[in-house]
Amino acid sequence: MNFEEVKNLLEKYGQTHILKSYERLNEEEKEKLLEQVARIDFEKMKDLYALSQTKVEMKDAVIEPMAYQDSAKLSAEEKAEIIQLGEEAIKAEKLAIVTMAGGQGTRLGHNGPKGTYDLGLDSHKSLFEIQCDILKNAQEKYGVTIPWYIMTSRENNDDTVAFFEKNNYFGYPKEATNYFFKQGELPMMDEQGKLVIESNGFVKEAADGHGGVFEALGRNGILNDMRARGIEWVFIAGIDNVLVQLVDPLLMGYAIKNNFRIVSKTVPKSNPDEKVGVFCKKNGKPYVIEYSEISTEHAHMRDANGELVYGEGHVLLNLFNVSALEEIEKFKLPYHVAHKKTSYMNEEGEFITPEAPNAYKFESFLFDAFSQIPEFGLLRGKREEDFSPVKNAEGTDSPETARRDYINYHNK
Ligand code: UTP
């Protein structure tokens, strides 16, 4: 698009403030800004702004508990049989891992991609290396090299790749690791529906949430690559859980035995008010209710054994059959709106750092895809073996708690 075309487009959508910053750019930057504007789907942004102004309600939805299997209640024989099924599939090279490392890690506040964060262990291992250790162990145990795909964002891709290069891929074969792919982005909007301008004069875009993984796997040719390699199962996890069992024969065997196409490993909620999404069935389909969405009645409801009825926490431990990923890729996930504090350049060209949230960020969530796949199972794991994330700089879910849980687990 040339300048005139871009101007017309921006006039149509009430976004001409972008041209104020255009005038301050050099020739090369001007061209880049025109390219950026041409890429933006303004119709979609209009809808997203409307979404930011609407209150999302659960009314009319039928919410029911979802059945799960507690792994601790499997007999020794059942467990052995399931693990064997999983191990056979791993040895037959049916498994690939996707680590989602495209988030901004704002709460942790680490300068650099979250995966490069040094957890403070004696070994000074980063979160990436902690995950890579699991793959190296599996390589030794099963005699196969499991492909590792890493989702990054525009913001952190180069630093992530450089970190792997610098650390020699942590001793894992480079050809099994060198699959970095970037997730999508969406512009941020201010409270009046104007696109936010960055200090460099460009439109501020942000990663489109972990739900962006499905579209990104398709767009970057990863699903095709997996198919070509004969991969059948893909474990998709975040980067920040230091107890993540990336290679989990029990979870795989459980999916295979029951013909599930997605299985999620849950951990029981520590208390009714814990800020974690929980599984349920919404209108008969698998669903995760966020902690901000669940009614107090449902959050506290207990069964005859005293267990929380809605107590299976979704902690981003999900195994997908490739066929499920292919179906989900075609499905448009809904967006969620986050009200965020973000710095920006105003129309006078001044750089402003606000004191309070001033803009909307739009994200899709991985778990919104679950409703598409009826062959869905839940396996309850154990918090001390499966989940300890690094989210906050201090307090709960911080480097301190994650370090403690990591050391306890590995000492055991
Ligand atoms: P969180 O939602 O906890 O976000 O992501 P975050 O980026 O780590 O931290 P905050 O909220 O900014 O403090 C859970 C996992 O999903 C990934 C993250 O990298 C993390 O592994 N993620 C999240 C993405 O890959 N892309 C996204 O757009 C969002």
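Residues numbered from 1 in each chain as written. Predicted model: local features only at pLDDT ≥ 70, side-chain atom pairs only at ≥ 80, totals over all residues. Heavy atoms only, no water.

A.B. asks: Could you clarify how one ought to interpret the pattern of salt bridges in this entry?
C.D. replies: Opposite charge on two side chains makes pairing possible when the charged atoms of those side chains draw close. One pass over the full model with this rule turns up 28 salt bridges. The partner of lysine 114 in a salt bridge is aspartate 240, with the nearest N and O atoms 2.9 Å apart. Of the two residues, lysine 114 sits in the loop between β3 (95–100) and α6 (127–142) while aspartate 240 sits in the loop between β9 (233–238) and α11 (249–258), which places them 126 residues apart along the sequence. What makes aspartate 240 buried here is its relative accessible area of 10%. Here arginine 227 and glutamate 326 are joined by a salt bridge, their closest N and O atoms 2.9 Å apart. Remark: glutamate 326 occurs in helix α13 (residues 322–329) and arginine 227 occurs in helix α10 (residues 222–229); sequence separation between them is 99 residues. (Salt bridge = Lys/Arg side-chain N within 4 Å of Asp/Glu carboxyl O. Helix = DSSP H or I, 4+ residues; strand = E, 2+ residues; numbered from the N terminus. Buried < 20%, exposed > 50% of the residue type's maximum accessible area, 1.4 Å probe, protein only.)

A.B. asks: Help me understand the site of the ligand, please; the structure alone is not making it clear to me.
C.D. replies: In the vicinity of the ligand, 19 residues are found, and the nearest of them are Thr106, Arg107, Gln183, Ile239 and Lys391. Side-chain polar atom of glutamine 183 to a nitrogen atom of the ligand: 2.6 Å apart, as the coordinates give it. Expressed as a share of its isolated accessible area of 560 Å², the protein-covered part of the ligand is 89%. When grouped by side-chain class, the residues that make up the shell around the ligand number six nonpolar, nine polar and four charged. (Near = heavy atom within 4 Å. Polar contact = N/O pair within 3.5 Å; in protein donor to acceptor, adjacent residues only side chain to side chain. Areas by Shrake-Rupley, 256 points an atom, 1.4 Å probe, with all protein chains shown as cover. Nonpolar A, V, L, I, M, F, W, Y, C, P; charged D, E, K, R; others polar.)

A.B. asks: Looking at this structure, I do not really get the pairing of strand β4 (residues 148–152). What am I missing?
C.D. replies: Working note: regular strand, side chains alternate between the two faces of the sheet. Counting buried residues along β4, five of its five residues qualify, which places the element largely inside the surrounding structure. Side-chain alternation along β4 places Trp148, Ile150 and Thr152 on one buried face and Tyr149 and Met151 on a second face that is also buried. Here four bridges tie β3 to β4, and the two strands are oriented parallel to one another. Residue threonine 99 lies in a different strand from β4, and its bridge partner there is isoleucine 150. As a crossover connection, the stretch from β3 through α6 into β4 is right-handed. Where β4 and strand β5 (residues 179–182) come together, four bridges link them in parallel fashion. Of the residues in β5, the one forming a bridge with isoleucine 150 is phenylalanine 180. (Pairing = 2+ DSSP bridges. Right-handed = clockwise from strand over helix to strand, strands pointing away.)

A.B. asks: Explain the environment of threonine 16 here, please?
C.D. replies: Here threonine 16 is to be found in the loop between α1 (3–12) and α2 (17–22). Residue classification places threonine 16 among the partly exposed residues on the basis of a relative accessible area of 36%. For threonine 16 and leucine 186, which are 170 residues apart along the polypeptide, the C-alpha to C-alpha distance reads 18 Å. Contact partners of threonine 16, with chain neighbours within four places excluded, come to Leu10 and Glu11. (Contact = heavy atoms within 4.5 Å.)

A.B. asks: How should helix α5 (residues 76–91) be read in this particular structure?
C.D. replies: Quick reminder: α-helices carry 3.6 residues per turn. Residues three or four places apart thus point the same way. Taking 1.5 Å of rise per residue, the 16 residues of α5 would be expected to cover 22 Å, and the 22 Å separating its terminal C-alpha atoms lies within 8% of that figure. Taken as a whole, α5 has its buried residues at Ile82, Gly86, Glu87, Ala89 and Ile90. Buried residues of α5 fall within an arc of 160° about the axis and therefore sit on the same side. Turned more than 90 degrees from where α5 packs its buried face, Ala76 and Glu77 sit exposed. (Expected span 1.5 Å × (residues − 1). Arc of directions from axis to C-beta.)

A.B. asks: Explain the nonpolar core here, please?
C.D. replies: As a rule of thumb, nonpolar side chains are buried together in soluble globular proteins. Residues Leu95, Ile97, Ile146, Phe235, Val242, Val247 and Leu319 are the most contacted members of the largest nonpolar core, which totals 55 residues. Looking at this core, the element that brings in the most residues is α6, giving seven residues. Ranked by size, the runner-up nonpolar core spans 36 residues in total, among them Val98, Met226, Val234 and Leu366. (Core = buried A, V, L, I, M, F, W, Y, C linked by side-chain atoms within 4.5 Å.)

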